Amino acid sequence: YAVNADFTPVDTANYNSLSGASAGNFVIQKAGTPTLSVSNSPLIFNGAAQAAVVVGSVPGTVSNINYNGSATVPANAGSYVITADFTPVDTVNYDSLVGATAGTLVIQQAATTTAVTCAAGPFTYTGATQTPCTAAVSGPGGLNQALTVVYAGNTNAGTASASAAFGGDANYLPSSNGTTFTIGKATPSLAVTDSPVPYDGTPKTAAVSSSVPGTVSDIRYNGSANAPADAGTYAITADFVPIDTTNYNTLGGAHAGNFVIQKAGTPTLSVS
């Protein structure tokens, strides 16, 4: 601003008075350079491009936003240095900006969910490893990926465990999950191995075998402990204690089949 003023000296004898004399310029400087900032950081990865919202410290228009020097709006998790142009509404008092730093846009890794699912069962000991479970990880942006299931204790009867883990990647955080399932004891089977036998008038003892190693005891014939001598069909039951009681059930009075004593045959007649 050009400044003019009147002036009356105290010593009017030696100095002239002034009217509308120029006093030079009075300068009001611009307030300075506006600042820019990112107002929506951090974001979380969702598989889609996510733009930075840049605001100025004074009203104005933001344009030409760049991410690490590129105009492409990023989708992947990471940290992006933001620059932008800015034109203030009040250009008289504030400077415009070109390629000014606005801070950083951070896209964070997304959380994931790992799930282990096992078939309904029941499961019974077979001597082989049992793998009835599956696992998958899911997350934002369409993540749906099968995972390898890690088993423990999945052969013998008892409680087995199944677990899976997703290690994460540039866009996703790690996650894990686990569950258990029960393997029940198997039930041995008994069988009569020496039937039929012929009648000869003496008591006949049934031979009972088992499907797994163990001890057979208390064999009964139609409920009786006495070995029969007469021809006929006898329902056989017996007790059984397996050697491997961890994986097989003990049996009490289990059906082993039928024991048959056949008639001796047709008698012959002769004139004596």
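Scroll up to find the structure this text is about.
Just so we're clear, the structure is a prediction, and the values are computed from it rather than from any experiment.

S.K.: Explain the environment of Gln145 residue by residue, including any values.
M.R.: Along the polypeptide, Gln145 turns up in strand E12 (residues 143–147). Residue Gln145 is classed as partly exposed on the basis of its relative accessible area of 37%. Through-space distance from the C-alpha of Gln145 to that of Thr114 is 9.4 Å; in sequence the pair is 31 residues apart. Setting aside anything within four residues of it in sequence, one finds Gln145 in contact with Ala135, Ala136, Val137 and Phe166.

S.K.: Lay out unusual backbone geometry in plain terms, naming residues and giving numbers.
M.R.: Residue Pro42 is bonded to the preceding Ser41 through a cis peptide linkage, with omega at 5°. Tracing the chain through its elements places Pro42 in the loop between strand E3 (36–38) and strand E4 (43–44). Put simply, Gly121 and Pro122 share a cis peptide bond, and its omega is 5°. Backbone geometry places Asn64, a non-glycine residue, at a positive phi of 55°. Accessibility expressed as a relative area gives 47% for Asn64, which makes it partly exposed. One non-glycine residue, Asn68, lies in positive phi territory at about 50°. Relative to the helices and strands, Asn68 resides in the loop between strand E6 (60–67) and strand E7 (78–88).

S.K.: Give me the pattern of salt bridges: which residues, what numbers.
M.R.: For the structure shown, the criterion picks out two salt bridges. Measuring nitrogen to oxygen at the nearest pair gives 2.6 Å for the salt bridge that ties Lys204 to Asp200. Residues Arg220 and Asp218 are paired through a salt bridge, measuring 3.2 Å at the closest nitrogen-oxygen approach. Judged by its relative accessible area of 30%, Arg220 falls in the partly exposed class. Residue Asp218 is classed as partly exposed on the basis of its relative accessible area, which comes to 36%.

What counts and how
Residues numbered from 1 in each chain as written. Predicted model: local features only at pLDDT ≥ 70, side-chain atom pairs only at ≥ 80, totals over all residues. Heavy atoms only, no water. Helix = DSSP H or I, 4+ residues; strand = E, 2+ residues; numbered from the N terminus. Buried < 20%, exposed > 50% of the residue type's maximum accessible area, 1.4 Å probe, protein only. Contact = heavy atoms within 4.5 Å. Salt bridge = Lys/Arg side-chain N within 4 Å of Asp/Glu carboxyl O.

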